[in-house]
Amino acid sequence: MGVSGDFDSQNRGLWGFKGLMRRKQVDSARKEVDGGHHQLAKELSVLHLVAIGNPSSFLGSVLHFLGVGSTIGAGVYILVGTVAREHSGPALAISFLIAGIAAALSAFCYAELASRCPSAGSAYHYSYICVGEGVAWLVGWALILEYTIGGSAVARGISPNLCTGYIRCGFLVDDPTILSSGNWKTEYYIKVYYGNGLRGILGRNCVHVCNFMGLLGLNPEALLFGGGDLPAFLGRQYIPGLGIVVDPCAAILVFIVTGLLCVGIKESTVVQGIVTTANVCAMLFVVIAGGYLGFKTGWAGYELPTGYFPFGVDGMLAGSATVFFAYIGFDSVASTAEEVKNPQRDLPLGIGSALSICCMLYMLVSVVIVGLVPYYSLDPDTPISSAFANHGMQWAAYIITIGAVTALCSTLLGSLLPQPRILMAMARDGLLPSFFSDVNMLTQVPVKGTIVTGIGAATLAFFMDVSQLAGMVSVGTLLAFTMVACSVLILRYIPPDEVPLTSSHQETINSVLSRHRSTQKIAEENSKVCVGTSNEASQPLIAKVGASADPVIVKDVAQGRCTYVIDETMRRKIAGWTIAMICVGVVVLTSSASCVSLPRFPRYMFSGIGGALLLSGLIVLSCIDQDDARHNFGHSGGFICPFVPLLPIACILINVYLLVNLGPFGQIHTLKVEWEPDGFSGRSATWTRVSIWLVIGVLVYGFYGRRHSSLRDAVYVPAVHADEIYESSSNCLA
């Protein structure tokens, strides 16, 4: 079914609804020639070997540790205590295992799409190819929010740690009466560590140190700066007129990382590997030293009368939902797809290895910590250091501090790395100004986009208490995960059967399509002569192969067996409506099941309706065949997601459930820290902020993106004729 230029302009016009459904082509050599975009440097590989003292190949696999560094954050040093005390108990390791399996569902989907469509843009890129321009824009716009706020929150959390050497979860007491008092050196720390209960990794012992130094008239922040007060250009300052606390140190950290990212992707990943090594070594120290103490003392945490599941299986599953956010971050690997030498092999290995390493470390740390100390005795703020302190190893807190600081540093780099590439991908497609698509010829990275990203993140880190915006970060990530899973279903069952070509090919397109129409018309006339005419008013629903009618279900007799095969056109329609039905069922099921304020009968009724839609969709997709075109879609020879359609549907269900149930405080997956409530936080406040951001995105898209989209004047042709059209155009140019 050919699509001419006139048909395209009528049905895919600038303001038509179908304009939102425009889908772009997988990036290829032809696409690069047509678009004229400079490509990023292909520097990344999984085959970098470990070489002590050789920074160019430090820490082996760059991709592995890019994902590990982006995934393992400082929250694991705190999260284990909260989840063990409130949800999982000694079964904390099982909670991490279940959460890791749930995260692996999204990782499988990312791995297939990253190897098939290895270009910058991550979830935005996949959504544009499989779903459409409108949805892709919302995904990209949400990812911009995620990485900007995530990077700012991480930087704001690092700055107090660098000043004092203590982890305080990114919080600062912005109390002007304390900051302006003459005795702030003592009162400030006592209020932080005792009054607010926000103790650092060093635990209660650091309070005595700070108090003693305050009585001596010394500033505890001088511990790292060699005496005297913290330099004014770095220390946090309260501005009375504006009522805010500015953080110059956080802004400077963002600018340093921005400069590093501008140097080159290879240099950035080497630094990422070095920082991540320190973090991983600290965690290995916890595992090894803690294991030694556990075997020496008899693992007191597991010899409890309450058993292994003190809160039941429900509590263990609730703990899994909480720690799920500790695994998010491997999508940073997918954002560097264009810079990987062998994406079909390296990207799936990088994503899978990063997730596996993180899951293993999380589980080992959990097994050790809940074994050293009974789960109810764990300090919710400093679980690891307090567990070692109970066994007389207070000095271990310094190693844990280093691990937590380096975790924040690597997470900052992993947060700022993907956004310039998403901005570049959106600018290449015309949805953002071409300014963001420029690639520096020397470093082969999007320097302009990186600088803009750094300025935006540094501004937020300098002026705002971004902990209030923390819940918005998870919305962008879960939305991206959901659309990636939907894209896998679309790719398998209804892959795009039309590809967009530039208007410069119009003459060749008309010639090729006219030739095929003529051939098809002659074939139909010959078929009528052979079969004869029919006087029946309607076509049969079922017919044998070779019949003149165009049946919906075709009877295929082969090797003595009689089977019925759904016509391809009808199969695509059934698959498309079924995928839509699954999405509706997931939303209805998760929303009704999560709305505890709803009366029991309507709640169960809507949950049943949603579950029935979901189950029916799964059965239908399992019964019909997947599209044969999937084998040739994109770049072949890469990873293939297993257990389709079950795995993507389970992934959609989990992500939408978490999206609907974003807690009242919101959890930052990038920072991996549970933020304290601030009075204005809450599910409604999070969704209000997200809605405002998305409305702004819709306005930007309506007034700029749709007008400048690279697909605005594109001509869509059947994918089976695309190669012939390209060859004919090349011959004409030759």
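Whatever comes next refers back to the structure up there.
Conventions adopted
Residues numbered from 1 in each chain as written. Predicted model: local features only at pLDDT ≥ 70, side-chain atom pairs only at ≥ 80, totals over all residues. Heavy atoms only, no water. Salt bridge = Lys/Arg side-chain N within 4 Å of Asp/Glu carboxyl O. Helix = DSSP H or I, 4+ residues; strand = E, 2+ residues; numbered from the N terminus. Buried < 20%, exposed > 50% of the residue type's maximum accessible area, 1.4 Å probe, protein only. Pairing = 2+ DSSP bridges. Phe/Tyr/Trp six-rings, centres within 6.5 Å; stacked < 30°, edge-to-face > 60°. Polar contact = N/O pair within 3.5 Å; in protein donor to acceptor, adjacent residues only side chain to side chain. Disulfide = S-S within 2.5 Å.

Peer 1: Lay out the pattern of salt bridges with the relevant residues and their values.
Peer 2: In the structure shown here, the tally under the stated rule is 11 salt bridges. The closest approach of N and O atoms between Glu112 and Arg116, which form a salt bridge, is 3.0 Å. Of this pair, Glu112 and Arg116 are both found in helix H5 (residues 92-116), 4 residues apart, which corresponds to roughly one turn of the helix. Measuring nitrogen to oxygen at the nearest pair gives 2.8 Å for the salt bridge that ties Asp627 to Arg571. Taken together, the positions of Asp627 in the loop between helix H24 (600-623) and helix H25 (646-660) and Arg571 in helix H23 (residues 568-594) put the pair 56 residues apart, joining distant regions of the chain.

Peer 1: Could you give an account of the pairing of strand S3 (residues 498-501), naming the residues involved and the relevant values?
Peer 2: Where burial is concerned, the two faces of S3 agree: the one with Glu498 and Pro500 and the one with Val499 and Leu501 are both buried. The sheet contact formed by S3 and strand S9 (residues 715-718) spans 4 bridges and is antiparallel. Residue pairing in the sheet places Leu501 in a bridge with Val715 of S9.

Peer 1: I'd like a rundown of the packing of aromatic side chains, residues and numbers included.
Peer 2: What the rule picks out here adds up to 20 aromatic pairs. Consider the rings of Tyr110 and Tyr126, whose centres lie 6.3 Å apart with planes at 75°: the pair is edge-to-face. Of this pair, Tyr110 sits in helix H5 while Tyr126 is found in helix H6 (residues 122-130), placing the two residues 16 residues apart along the sequence. Judged by its relative accessible area of 1%, Tyr110 is buried. With a centroid separation of 5.4 Å and 80° between ring planes, the pair formed by Phe295 and Trp299 is classed as edge-to-face. The exposed category is assigned to Phe295, whose relative accessible area is 68%. An aromatic cluster of three or more residues is present, and its members are Phe295, Trp299, Tyr302, Tyr308 and Phe309.

Peer 1: Help me get a handle on the side chain of Thr148, residues and values and all.
Peer 2: On the secondary structure map, Thr148 appears in helix H7 (residues 133-164). The exposure class assigned to Thr148 is buried, which follows from its relative accessible area of 15%. Here the side chain of Thr148 touches Ile144 through a polar contact of 2.8 Å, landing on its backbone oxygen. Reaching out from Thr148, the side chain makes a polar contact with the side chain of Gln419 at a distance of 2.9 Å.

Peer 1: Give me the state of the cysteines: which residues, what numbers.
Peer 2: Any covalent bond linking the sulfur atoms of two cysteines counts as a disulfide. Per the stated rule, a full pass over the model turns up 0 disulfides. No disulfide involves Cys358; its sulfur sits 8.7 Å from the nearest other cysteine sulfur, which is in Cys359.

Remember that the coordinates give geometry; whether it matters functionally is a separate question.
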